[in-house]
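Fold and contact review
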Amino acid sequence: MLDVLRCLVAAGHPVWGLQVSATTGRPTGTVYPLLDRLEQAGYVESSWEGANDRPGPRRRLYALTASGHARAQEQSAVAAPAPAWPAPEQVALS
């Protein structure tokens, strides 16, 4: 959970789940259920990407709420130092 929270904090803007997965190195089968639980708890908000000019379906974007930022700060304060990840948009998706 902490990896996902830290990734969302580092992004500073809404990101899609595959970016979170690629950035954290966690499998999508772990990331998406976590994002869903964080959203149900009120720490994350999601929305659908607007119209796009790329092929494929719209992406669901995730961003921390104010309480999500507070939770991430609380968790980070008691956890090991964060890994040095690149920004989510800099991670190559395959």
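Below, the structure is looked at part by part. Note that the coordinates shown come from a computational prediction; the quantities given were computed from them, not determined experimentally.

Moving on to the nonpolar core. Membership of the largest hydrophobic core comes to 15 residues, with the highest contact counts inside it found for V4, L8, V20, L35, L38 and V44. Put simply, the parts of the chain that give this core at least two residues each are helix 1 (2-11), helix 3 (28-40) and strand 3 (60-64). No other element matches helix 1, which puts five residues into this core. Those residues in contact with V20 that sit more than four places away from it in its chain are V4, C7, L8, V15 and V31.

This paragraph deals with the sheet that holds strand 3. Spatially, the three strands line up as an open sheet ordered 1-3-2, and their pairing is antiparallel. In this open sheet, the two edge strands, each paired with only one partner strand, are strand 1 (15-16) and strand 2 (44-48). Sheet analysis places strand 2 next to strand 3, joined by five bridges and oriented antiparallel. Looking at the pairing, S47 lines up with L61 of strand 3. Strand contacts of helix 1: strand 1, strand 2 and strand 3, with the helix running at about 90° to strand 3, the strand carrying the most contacts.

Reading the values: the criteria
- Residues numbered from 1 in each chain as written.
- Predicted model: local features only at pLDDT ≥ 70, side-chain atom pairs only at ≥ 80, totals over all residues.
- Heavy atoms only, no water.
- Core = buried A, V, L, I, M, F, W, Y, C linked by side-chain atoms within 4.5 Å.
- Buried < 20%, exposed > 50% of the residue type's maximum accessible area, 1.4 Å probe, protein only.
- Helix = DSSP H or I, 4+ residues; strand = E, 2+ residues; numbered from the N terminus.
- Contact = heavy atoms within 4.5 Å.
- Pairing = 2+ DSSP bridges.
- Axes fitted to C-alpha atoms, helices over the stretch in contact; angles between N-to-C directions.

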